[in-house]
Amino acid sequence: MALEVLIFDVDGTLANTERDGHLVAFNLAFKELDLDWSWSHELYHELLNVTGGQLRIKHYVNNYKPDFAVEDLNAFAASVHGLKTQIYVRLVNAGKIPLRPGVKRLFIEARAAGLRMAIATTTTPANVDALITNTLGKEALGWFEVIGAGDVVPNLKPAGDIYTYVLEQMSVDADKCLAFEDSYNGIISATQAGLKTLITVNEYTNTHEFKGACAVLNHLGEVNQPFELITGNATDSTFVDVAYLQELHAKYC
Ligand code: XBP
Ligand code: MG
């Protein structure tokens, strides 16, 4: 089945948003609310196992702050998270978070080759909007036929719901698509929806298990910045382009 559609995760895949954006925004929100909480890089590494910012806050309270007295934890988490989203969008709008190597180039090449593109992410829609607009320009939002984000589906990753939602919206079969992910929860989600997946790891996910991935790379690579193949089949490519994706999709996953 020929490759027709590319579906991208956002956080950790398109940009290092977790380290440079979400973690910073969580901590600034805590400060603004006079909470004496400060998540370290190491703690955040652990907390990332729980997808979704609101669930992550609730998980933190339940497991790390058992004495924290709050009447309605859901409402509390929603309100902290609302502020965190505002701060995150502000950070992105300030141009603090660049796209990872090869991302912009691949988008442009994929469009030129007539591949359809979509987004499947756990993060809040406003965050995706801000990242795409600030790194590629507002018109780039139109490059994605579907932007599946946040709680548009009942179950966040690692459930397959968000990918299944995108496939349904695009009326396409999973075997004509390739997903791009960076994490264990991400590949589980894509696999649940029947998708083949290419992984680009980052500092939070380079120890994760990626069973069934087409390949695991350090990043997508550029002409002058070759990717490193972590697991998978070596090909002649040194950066991810459409020909490489077609080869992977047809032969290696
Ligand atoms: C992303 C997430 C998100 C972000 C924070 O996972 O888990 O929760 O960390 O965004 P994935 P929100 O890359 O697998 O989609 O605070 O907006 O939830
Ligand atoms: Mg991710």
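Heads up: these notes are all about the structure in this document.

Cut-offs and rules
Residues numbered from 1 in each chain as written. Chains lettered and ligands numbered in written order. Predicted model: local features only at pLDDT ≥ 70, side-chain atom pairs only at ≥ 80, totals over all residues. Heavy atoms only, no water. Phe/Tyr/Trp six-rings, centres within 6.5 Å; stacked < 30°, edge-to-face > 60°. Buried < 20%, exposed > 50% of the residue type's maximum accessible area, 1.4 Å probe, protein only. Helix = DSSP H or I, 4+ residues; strand = E, 2+ residues; numbered from the N terminus. Near = heavy atom within 4 Å. Polar contact = N/O pair within 3.5 Å; in protein donor to acceptor, adjacent residues only side chain to side chain. Areas by Shrake-Rupley, 256 points an atom, 1.4 Å probe, with all protein chains shown as cover. Nonpolar A, V, L, I, M, F, W, Y, C, P; charged D, E, K, R; others polar.

Observations regarding the packing of aromatic side chains
According to the stated counting rule, one finds 18 aromatic pairs in the structure shown. On the basis of an interplanar angle of 50° and a centroid distance of 5.2 Å, the ring pair of F68 and F76 is categorised as tilted. The class for F68 is partly exposed, based on a relative accessible area of 27%. Ring plane angle 50° and centroid distance 5.5 Å describe the contact between F227 and Y244, whose orientation is recorded as tilted. Here Y244 lies in helix α9 (residues 242-252) and F227 lies in the loop between β6 (215-217) and β7 (229-232), a separation of 17 residues in the sequence.

Details of the site of ligand 1
If you check the shell around ligand 1, you find 17 residues, and the closest are G53, R56, H81, K84 and T124. Taking G53, its main chain carries an N or O atom lying 2.7 Å from an oxygen atom of ligand 1. Here T121 contributes a side-chain N or O atom positioned 3.4 Å from an oxygen atom of ligand 1. Considered on its own, ligand 1 offers 450 Å² of accessible surface; in the complex 97% of this is hidden by protein. Of all the secondary structure elements, the ones that give two or more residues to the shell around ligand 1 are α1 (17-32), α3 (53-64) and α4 (73-93). Along the lines of polarity and charge, the residues of the shell around ligand 1 split into one nonpolar, ten polar and six charged.

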